[in-house]
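# Analysis of the macromolecular model
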Amino acid sequence: MVERVRAAAKELGYRPNAAGRQLRLQRTHLIEFAVADIGNPVYVEMLSAIHGVLAPHGYRIVVSSIGDEAASAIRVLASLDDGHVDGIIISPLRVDAEFIELLRAAPLPVVAIGRSLRDHGIETVSTDSASGIGLAVTHLVDVGCRSLAFLNGPTDTTPGEHRQRGYDAAVAVPGFAAHSFGTEVADAFTVAAGLEATHRLLDRAGSDGVALDAVVAANDLLAIGAVRAARERGLSVPDDLAVTGMDDTELGRMVQPALTSVSLGTTRRGQLAAELMLARLGDSPETPHLATVGPELMVRESSVRSEA
């Protein structure tokens, strides 16, 4: 009988009806991946890692852009009871009390990537970007840089806040062997914002008579903007101005000079988030052990001077 049914289905060109299957199983087999900026290469790499874990289990991914405002993320969470997805993996830039309460009350499994929310009972995959900035600062001093500045994105975001804290701690170490020229805040974590902010930084340094020789950028996109600004000023990177980024993106590895960058384990964080989601959905036999993904400095041409 089984063989006869299969033969008839093949002859008729029958295909299973996905909508009917969803009604029967009460599952859509769709997972939403909600991020601040779908054009950011960090999220592209993370998406690939999440897909690699979820696809073998029959799940597809719906990507949504929530911008950098907490209100946008809140609207996404508020729509979770519509039944269009089975769960959500979310990486917000801003987190407030209302957002946390919605996460806690979400009717579907939620996994957050970014600021640790485990104290609030929310599954989170996090990293230590503050100590990662410290790795970059130490490296620049080790290669002979003596006047550093920090190029940050908006400081009222989770990455902006944590990375600023890391820079401030690194340059406040007793016996710090360089001068800190402080922080220049870009309007966004983008190449264009980094370009504009670096020009402001170089103008400020010039007017103060500071021989700025290194920029620590809060992410690779800002760092690429810094490299472009230096070139527009006729400065050589790294001999005149050393530059480091953060996130260790493929884009940062492809530009010239290739960016020295702090890896925050983008692929691993995506994999862990997907494994947590499978566990929450009951499609994994055990909950993965989660720890903060540690940073690692990846040294390339943008910071290593010829004399060093």
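Below: a short report on this structure. (Residues numbered from 1 in each chain as written. Predicted model: local features only at pLDDT ≥ 70, side-chain atom pairs only at ≥ 80, totals over all residues. Heavy atoms only, no water.)

## Digging into the packing of helix α8 (residues 191-207) against helix α9 (residues 220-232)
Filter applied, for reference: To get an axis, a line is fitted to the C-alpha atoms, and for a helix only the part in contact is used. The angle between two axes follows their N-to-C directions and goes from 0 to 180 degrees. Secondary structure elements are defined from DSSP: runs of H or I of at least 4 residues count as helices, runs of E of at least 2 residues count as strands, and each element is numbered from the N terminus. Each angle gets one of four labels, with under 35 degrees taken as roughly parallel, over 145 as roughly antiparallel, 65 to 115 as roughly perpendicular, and the rest as oblique. The sense of a crossing depends on the near helix, which, turned anticlockwise from the far helix by less than a right angle, makes the crossing left-handed and, turned clockwise, makes it right-handed. In this description, contact between two residues means that some pair of their heavy atoms is separated by no more than 4.5 Å. Only Asp, Glu, Lys and Arg are considered charged in this grouping, and only Ala, Val, Leu, Ile, Met, Phe, Trp, Tyr, Cys and Pro are considered nonpolar; every other residue, Gly among them, is considered polar.
The contact between α8 and α9 brings their axes to 7 Å, and the two run at 45°. The pairing of α8 with α9 is recorded here as oblique in orientation. As α8 packs across α9, the resulting crossing turns out to be right-handed. Across the interface between the two elements, Val191, Ala193, Gly194, Leu195, Thr198 and His199 of α8 pack against Leu221, Leu222, Ile224, Gly225, Ala226, Arg228, Ala229 and Glu232 of α9. Broken down by class, the residue content of the contact of α8 with α9 amounts to eight nonpolar, four polar and two charged.

## Concerning the environment of Ser263
Stated formally: Polar contact is defined as a pair of N or O atoms within 3.5 Å, subject to the rule that within protein one atom must be able to donate a hydrogen and the other to accept it, and that residues adjacent in sequence are counted only when both atoms are side-chain atoms.
By secondary structure assignment, the location of Ser263 is in strand β10 (residues 260-263). Once the C-alpha coordinates of Ser263 and Glu296 are considered, the two residues, 33 residues apart in sequence, prove to be 5.1 Å apart. In contact with Ser263, other than residues within four places in its own chain, are Asp247, Asp248, Gly294, Pro295, Glu296 and Met298. In terms of polar contacts, Ser263 uses its side chain to reach the backbone amide nitrogen of Gly265, at 3.2 Å.

## Observations regarding the sheet that holds strand β5 (residues 123-125)
Put simply, the rule reads: Should DSSP find at least two bridges between two strands, the strands are regarded as paired.
Taken in spatial order, the five strands line up as β2-β1-β3-β4-β5 in an open sheet, and their pairing is parallel. Each edge of the open sheet is held by one strand with a lone partner, namely β2 (60-65) and β5. On average, each strand axis in the sheet is inclined to that of its neighbour by 20°, with strand direction left out of account. Inspection of the sheet shows strand β4 (residues 110-113) paired to β5 by three bridges, in the parallel sense.

## Focus on the pairing of strand β1 (residues 30-35)
Inclusion rule: For each residue, the accessible area found with a 1.4 Å probe, counting protein chains only, is set against the maximum for its type, and the residue is called buried under 20%, exposed over 50%, and partly exposed in between. Handedness is read with the strands pointing away from the viewer; a crossover is right-handed when the path from the first strand over the helix to the second is clockwise.
Most of β1 sits inside the fold, with six of its six residues counted as buried. Where burial is concerned, the two faces of β1 agree: the one with Leu30, Glu32 and Ala34 and the one with Ile31, Phe33 and Val35 are both buried. Two elements, β1 and β2, share six bridges in a ladder whose sense is parallel. Of the residues in β2, the one forming a bridge with Ile31 is Ile61. Taking the sense of rotation as the criterion, the β-α-β connection linking β1, helix α3 (residues 41-54) and β2 turns out right-handed.

## Focus: the nonpolar core
The condition is simple: The term nonpolar core refers to a set of buried residues drawn from Ala, Val, Leu, Ile, Met, Phe, Trp, Tyr and Cys, joined through side-chain atoms within 4.5 Å.
Within the largest apolar cluster, 45 residues are counted, with the highest numbers of intra-cluster contacts made by Val137, Leu148, Leu212, Val216 and Val243. Mapped by element, the contributors of at least two residues to this core are α6 (129-142), β6 (147-152), α7 (158-171), α8, β8 (214-217), α9 and β9 (242-246). Looking at which element gives the most residues to this core, the answer is α9, with seven residues. Leaving out residues up to four positions away in the same chain, Leu212 has contacts with Ser147, Leu148, Ala149, Phe181, Leu201, Leu202, Ala205, Asp240 and Leu241. Ranked by size, the runner-up nonpolar core spans 24 residues in total, among them Val53, Leu54, Ile89 and Ala273.

## Details of the packing of α3 against helix α11 (residues 266-281)
The geometry of α3 relative to α11 is characterised by a closest axis approach of 8 Å and an angle of 40° between their N-to-C directions. Classed by the angle they form, the pair α3 and α11 counts as oblique. Taken as a pair, α3 and α11 cross one another with a handedness that is right-handed. Counted together, Val42, Glu45, Met46, Ala49, Ile50, Val53 and Leu54 of α3 and Thr266, Thr267, Arg269, Gly270, Gln271, Ala274, Glu275 and Leu278 of α11 form the full contact between these two elements. Residue composition of the contact of α3 with α11, by class: eight nonpolar, four polar and three charged.

## Topic: the pattern of salt bridges
To be explicit about the condition: Definition used for salt bridges: Asp or Glu carboxyl oxygen within 4 Å of a side-chain nitrogen of Lys or Arg.
Applying the stated criterion to the full structure yields eleven salt bridges. Among the salt bridges present, the one from Glu161 reaches Arg165, with a minimum N-O distance of 3.3 Å. Of this pair, Glu161 and Arg165 both sit in helix α7, four residues apart, roughly one helical turn. Relative accessible area serves as the criterion here: at 44%, Arg165 is assigned to the partly exposed category. Note that Arg300 is salt-bridged to Asp248, the shortest N-O span being 2.8 Å. Placement of the pair is Arg300 in the segment after β11 (296-298) and Asp248 in the loop between β9 and α10 (250-254), with a sequence separation of 52 residues. As far as burial versus exposure is concerned, Arg300 and Asp248 are alike and both buried. Here the salt bridges share partners, and the residues they tie into one network are Glu184, Glu196, Arg200 and Arg204.

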